[in-house]
Amino acid sequence: MLSLPVLCVVAVVAAAPLAPATASSSSTSPAPSPAATATPTSTSSSTSTPMPALPLERVFADPPLDGRRPLQAQLSPGGRWVSFLKPSVADSEVLELWGQPLPTGAPRRLVSAADLLNGAAQKLTEAEKMALERKRISQRGITGYAWCGDDDGALLFPLSGDLYAARLTDKGPVAARLTKDDDVPEQDPACTADGRQVAYVKKGELVVHDLTTNKARTLTKGGSATRFHGLAEFIAGEELGRFRGFWWSKDAARLLVLTVDERGVGEKTRAQIFADRTELTTQRYPAAGEQNAVVTAAVLDAKTGKATPVPLPPQAEYVARGGFFADGAPWLQVLTRDQTQLTLLEVDPRTGTTRVVLRETDDAWVELHDDLDELKGVPLSGKPALLWSSESSGRKQLVLVDRVTGARAPLTTLPEAVDGVVCTDGRRVVLQAFRERGRAGDLFVVDAGDPQRPTTALPGGRAHATRGAVADRGCRRLLLTSSSWGTPPSSLIVDVDGREPVVPVPGDPPDPLLARLADAPLEIDIVAADGVTSLNAFYLPPILSPSPTPSTAASAAGGAKHPVIVHAYGGPTGAVVGHRWARQFGVFSHWRQRGYGVFLVDTRGMAHRDRAFTRAHKHAFGKVEVDDLFAAVRQLPQRVPSVDARRLGFFGWSYGGTVAARAVLDDDSPFAAAVAVAPVTDWTLYDTAYTERYLGLPQRPDGTPSPSYTQANLVARAAKLSRPLLLVHGTADDNVLFEHSLRLIEALQNEGKVFDTAIYPGKAHGIAGKKAQLHVYKSTTAFFDEHLRPR
């Protein structure tokens, strides 16, 4: 999946115990739109307390501007602990495992990598590095963990090729090394509900480890470099949001296991070019139109390993999700190759036969989700109703499904799209949904057993902010996180019924400078290229710093016009405009202090809106988002008269990088310069599931190239470059392969075009690391200074 590696969306926090308030409560009602024309040209600080400068070196230094905040926070299954990863005081790129007993305990460090490795360097195999890249995790140390069992007594985590457990005792946490073979990692560990066993994948085989005897047994056989049991294949992790390949039944008697055969998948060789060496890595990577891995399913007896095969429908190209119902029946969600049909299958664990529970269809594509749950307090046809989300109404909402008949009934009818289910106690459902035309988000509760089914907002929300949550197993306690533009996330533990006091989850405070920089963004009314659709956009004017740069001073004198850096993503599933914390806030503030305005816009096809908006990309890459982008920036000087329409720059990463390059490979471009990081330049090189979802197959039935691919090809547009372009890429990128930039570089050179490059040896898609990130943005800023500032 193409991603937003430099802009992170986070959610939420309430300030009071939770008692229902109406969904139309004024506390979360959208604010009116601003006037069509914005008059402010800049923001300045008080003369008595001048605004300190924010150099990029500070943005990427320790401590982080937004403080050392909890990451991957969870409530324990029983709700007695909140656990999280926290950046080390010594190095914010190294994560430690922390916990806080509830309701009154203080946060404490449970374990760190330094405690366990005794000075040895942390080891990661190439498979582990790729798995972390799938999850967009770039830090070191303890990078993931899971609660082991439902009694809140232990956590599991992998470290340096081995598996560890941290047990929470009366005398404090006690960490134990469960395995001692760091050359072959234990991947994707998962405990049984009783906490007595853990299953993991080792050397391509599924292993069950008895934690009471510390003995392990292998349940599968036949694993190899191209055939493995219990792991998610590349496409599942990168494009389908499925990161594991096995699931335990509640009673620990069975496992549902997927087996992946990659022998038919094409091999791509990545040259990981470092400063002192080149390492060649072969990767099974199914490019658009090519063969995918073959995935099969079976139900395994947890004691004997006896496998009962589960035949999948012939049209099931992808296994999107898996699990068990409470009564012990396994289930699978399977997706057709064109992704227009998603089928929920119930499996007979004794015979492996399947039956269809429901089918979700969409003429464009079906969006996957994790909103499948059982409501034991709402029986239908003698079984718990299924909770499900669907866009069949034109807007994502929750529905109830009869597991026996497949009949549906609406559960929510909110005015904007549902983001997802947080939790359920079997009757009451807590959910997240968007507000303010997708720019904000809030939490709601609905009683699925109430025939009227009113949906009410949880108290504590406010306009121009985003709230989200995770919950314990019983949906009794919520870990709420709240943020807004310029305000980093803060978290609280709240009781859903409001019977317990609110418990803060402390993190290190943000740099006080953030509060000085966090002026409200100007919401700009922009109309898409179709002349009808409203687009979300923020404008951030220049900040007059105490030591103005020449361009800042020039802009301040007599209301002179100023340059603007435009940032957009443009692709599906992302959104850059929102009342929530953006990790790139510090970079934006630095640019503003240098005299630039910053303009953020979400074009048609992006996320957080209704179905008609999000499906705009169908067979239209390189068209709809470019048309909307050009239309938006041409409207900007009309809305903000101080903007210099001749000095517009564009910055984008991943799909945004593709849009950045495309923006200047155009005879009619409104941009004076562009920076493209990790761009896709030829969609025939990108993977099957993502590319075919939006563009279809790369060839027509008669063998001729598909127009949707031809239209989106940047290499073929090399002759159109007439404006400065900076291409940025990591040589070890396993998502958007380095070959994408190499092909465009070669085409530009063949056309005699002059351009700039910044290549990062050994770096993957996110170009991770403080020093590398600093260099990316220093190079970007210097490039814009050269081409956008007056001379």
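This is a predicted model, so every value here is computed, not measured.

### Topic: the packing of helix α9 (residues 624–639) against helix α10 (residues 655–664)
Next, step 1: Following both chains from N to C, one finds α9 and α10 inclined at 65 degrees, their axes separated by 11 Å at the closest point. Judged by the angle between their axes, α9 and α10 are roughly perpendicular. Read as a crossing pair, α9 and α10 show a hand that is right-handed. On the side of α9, the interface is formed by E625, V626, L629 and F630, while α10 contributes Y655, V659, R662 and A663.

### Looking at helix α7 (residues 585–593)
Next, step 1: Taking burial as the measure, the nine residues of α7 include nine buried ones, the bulk of the element.
Next, step 2: Of the residues making up α7, those classed as buried are F585, G586, V587, F588, S589, H590, W591, R592 and Q593.

### Describing the sheet that holds strand β15 (residues 215–218)
Next, step 1: An order of β12-β13-β14-β15 is seen for the four strands of this open sheet, with the pairing classed as antiparallel. Edge positions in the sheet fall to β12 (187–191) and β15, since each of these pairs with one other strand and no more. The sheet shows a mean angle of 25 degrees between the axes of neighbouring strands, direction not considered.
Next, step 2: As judged from the six bridges shared by strand β13 (residues 197–202) and strand β14 (residues 205–210), these two strands associate in the antiparallel manner. By the bridge assignment, A199 is partnered in β14 with V208.

### Concerning the environment of E262
Next, step 1: Looking at the element boundaries, E262 is found in the loop between β18 (254–261) and β19 (267–273).
Next, step 2: The spacing of E262 and T213 is 49 residues in sequence and 35 Å in space, taken between C-alpha atoms.
Next, step 3: Sequence-distant contacts of E262, defined by excluding residues within four places in its chain, comprise A225, T226, F228, E233, F234, R284 and A293.

### A closer look at the state of the cysteines
Next, step 1: This model, assessed by the stated rule, comprises two disulfides.
Next, step 2: Disulfide partner of C148: C191, at an S-S distance of 2.0 Å. Its S-S torsion of approximately -90 degrees makes the covalent link between C148 and C191 left-handed. On the criterion of sequence distance, the pair formed by C148 in the loop between β8 (146–147) and β9 (154–159) and C191 in strand β12 is long-range, its members being 43 residues apart.
Next, step 3: With a sulfur-sulfur separation of 2.0 Å, C423 is cross-linked through a disulfide to C475. One disulfide, between C423 and C475, carries an S-S torsion of 50 degrees and so falls in the right-handed class. Linking C423 in strand β31 (residues 418–424) with C475 in the loop between β35 (466–471) and β36 (477–484), this pair joins segments that are 52 residues apart in sequence.
Next, step 4: The class of C423 is buried, set by a relative accessible area of 6%.
Next, step 5: Owing to a relative accessible area of 0%, C475 belongs among the buried residues under this scheme.
Next, step 6: If the cysteines joined by disulfides in the protein are listed in sequence order, their pairing comes out as 1-2, 3-4.

### Quick word on the sheet that holds strand β23 (residues 318–324)
Next, step 1: Across the sheet, four strands lie side by side as β23-β24-β25-β26; this open sheet has antiparallel pairing. In this open sheet, the two strands that pair with only one neighbour each are β23 and β26 (354–361). Recorded for the sheet is a direction-independent mean angle of 20 degrees between the axes of neighbouring strands.
Next, step 2: Taken together, the six bridges between β23 and strand β24 (residues 330–335) define a ladder with antiparallel strand orientation. Paired with F324 across the two strands is P330, which belongs to β24.

### Digging into the pattern of salt bridges
Next, step 1: Going through the model one piece at a time under the given rule, you end up with 58 salt bridges.
Next, step 2: D152 is the salt-bridge partner of R80, the closest N and O atoms lying 3.4 Å from each other. A residue pair is termed long-range when its members are at least 10 positions apart, and R80 in the loop between β3 (71–75) and β4 (81–87) and D152 in the loop between β8 and β9 qualify at 72 residues.
Next, step 3: The exposure class assigned to R80 is partly exposed, which follows from its relative accessible area of 46%.
Next, step 4: One salt bridge in this structure joins R604 and D628, with 2.8 Å as the shortest N-O distance. Linking R604 in the loop between β44 (597–602) and α8 (611–614) with D628 in helix α9, this pair joins segments that are 24 residues apart in sequence.

About the criteria used
Residues numbered from 1 in each chain as written. Predicted model: local features only at pLDDT ≥ 70, side-chain atom pairs only at ≥ 80, totals over all residues. Heavy atoms only, no water. Axes fitted to C-alpha atoms, helices over the stretch in contact; angles between N-to-C directions. Helix = DSSP H or I, 4+ residues; strand = E, 2+ residues; numbered from the N terminus. Parallel < 35°, antiparallel > 145°, perpendicular 65-115°, else oblique. Left-handed = near helix turned anticlockwise from the far one by under 90°. Contact = heavy atoms within 4.5 Å. Buried < 20%, exposed > 50% of the residue type's maximum accessible area, 1.4 Å probe, protein only. Pairing = 2+ DSSP bridges. Disulfide = S-S within 2.5 Å. Salt bridge = Lys/Arg side-chain N within 4 Å of Asp/Glu carboxyl O.

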